Amino acid sequence: MGVRKAKHGGVLTVIFTILSVIWVCPILIVIMNSFKKKAYINRKPFAFPAGKSFVGIENYLNGIKKINFFQAFGYSLFITLFSVVVIIVCTSMCAWYITRVTNRMTKGIYYLCLFAMIVPFQMVMFTLSKFANMLHLGNPVGIILIYLGFGAGQAVFMFCGFAKGIPLEIEEAAMIDGCGPFRILTSIIIPMCKPGIVTVCMISAMAAWNEYPVALVMVTDPTKATLPVGLANLYEIQRYATDWGALFAALVLALIPTVILFIVGQKQLVQGLSVGGVKG
């Protein structure tokens, strides 16, 4: 029995190692080519930058200049941070209410949130863009509300899993001590849902940071483009003479925040997903 488990473990290790290499290779290729001259990228995309092909940080400087990197970075950071805050605040309260008040309305809200998880942006693109224009939401502030709509379904689903695992007796004891609903939420529910909050924060932040179609369609002012839109514009503007070195360098810079976020919070992310899945 032990020998079988060891063999299966060895096979799984080899399989996952191969899969890891397959996933990491494209990232390494982008990083390598971000240090090469354009001619060498086209001729030898898989070769290491060395000798005449190596250009140092020249591509990074060109990439920063061509897509107005710091301005786009600022808008992406603003939208991501406030989207996460709005999603956490709104969906945590909604999930707590759904799990503590059982009626047709709360069941309907819960199922609507589940349905929102499977609705792609393309399905509601025309209606949403018209509605956003009517409410003047085509700006970095308005897009935060749109991201709330797209991120609420998954966040409510995850928070409900955590809220169901909190004993009702704790809240009843707090009510006897004179705590109101807001105090119970902030002092009991939110601290006990910390793994879920970290998980939702990471998922929502990575989704908002890398999101492209909503930002492309909704933000009409090109000077307020986010990083994904700016990177796409760099390719579209120079489609037949793309500066691949600058594009790859900008891609690497845009990738750094999400990599740091995942490295810092990967333990909490795995813990939150596992605990929330068991409780749900």
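Report follows, based on the coordinates.

## Description of the overall build of the chain
A tally of regular secondary structure across the chain gives 13 helices and zero strands. Counting helices and strands in the order they occur from the N terminus, the chain gives α-α-α-α-α-α-α-α-α-α-α-α-α. Counting only C-alpha atoms, the chain reaches 75 × 65 × 35 Å along its principal axes. Look at the contacts in the chain between residues 6 or more apart in sequence, and 73% of them connect residues 24 or more apart. A total accessible area of about 16800 Å² is found for the chain, and carbon and sulfur atoms account for 72% of it.

## Examining the layout of surface pockets
The space that makes up the largest pocket amounts to roughly 400 Å³. Lining the largest pocket are 17 residues; nearest its centre among them are Y147, F150, G151, Q154 and A207. Listing elements by their share of the lining of the largest pocket, those giving two or more residues are α7 (142-164) and α10 (194-210). With six residues, the top contributor of residues to the lining of the largest pocket is α7.

## Focus on the pattern of salt bridges
Per the counting criterion, the structure on display carries two salt bridges. The closest approach of N and O atoms between R100 and E171, which form a salt bridge, is 2.6 Å. Within this pair, whereas R100 is found in helix α4 (residues 69-100), its partner E171 is found in helix α8 (residues 168-176), the two being separated by 71 residues in sequence. Classification of R100 by relative accessible area gives partly exposed; the value is 26%.

## Considerations on helix α9 (residues 181-192)
Between its first and last C-alpha atoms α9 spans 15 Å; for twelve residues at 1.5 Å apiece the expected length is 16 Å, and the two agree. Taken as a whole, α9 has its buried residues at I184, L185, I188 and I189. Buried residues along α9 cover an arc of 125° about the axis, so they all sit on one side. Across from the buried face of α9, at angles greater than 90 degrees, the exposed residues are F182 and R183. Structurally, α9 contributes buried residues whose contacts are with α4 and α8.

Scoring rules and cut-offs
- Residues numbered from 1 in each chain as written.
- Predicted model: local features only at pLDDT ≥ 70, side-chain atom pairs only at ≥ 80, totals over all residues.
- Heavy atoms only, no water.
- Helix = DSSP H or I, 4+ residues; strand = E, 2+ residues; numbered from the N terminus.
- Contact = heavy atoms within 4.5 Å.
- Areas by Shrake-Rupley, 256 points an atom, 1.4 Å probe, with all protein chains shown as cover.
- 1 Å grid on protein atoms, 1.4 Å probe; cavity = no way out; pocket = protein on both sides within 12 Å on 5 of 7 lines; lining within 4 Å.
- Points joined across faces, edges and corners; volume = space filled by probe spheres on them.
- Salt bridge = Lys/Arg side-chain N within 4 Å of Asp/Glu carboxyl O.
- Buried < 20%, exposed > 50% of the residue type's maximum accessible area, 1.4 Å probe, protein only.
- Expected span 1.5 Å × (residues − 1).
- Arc of directions from axis to C-beta.

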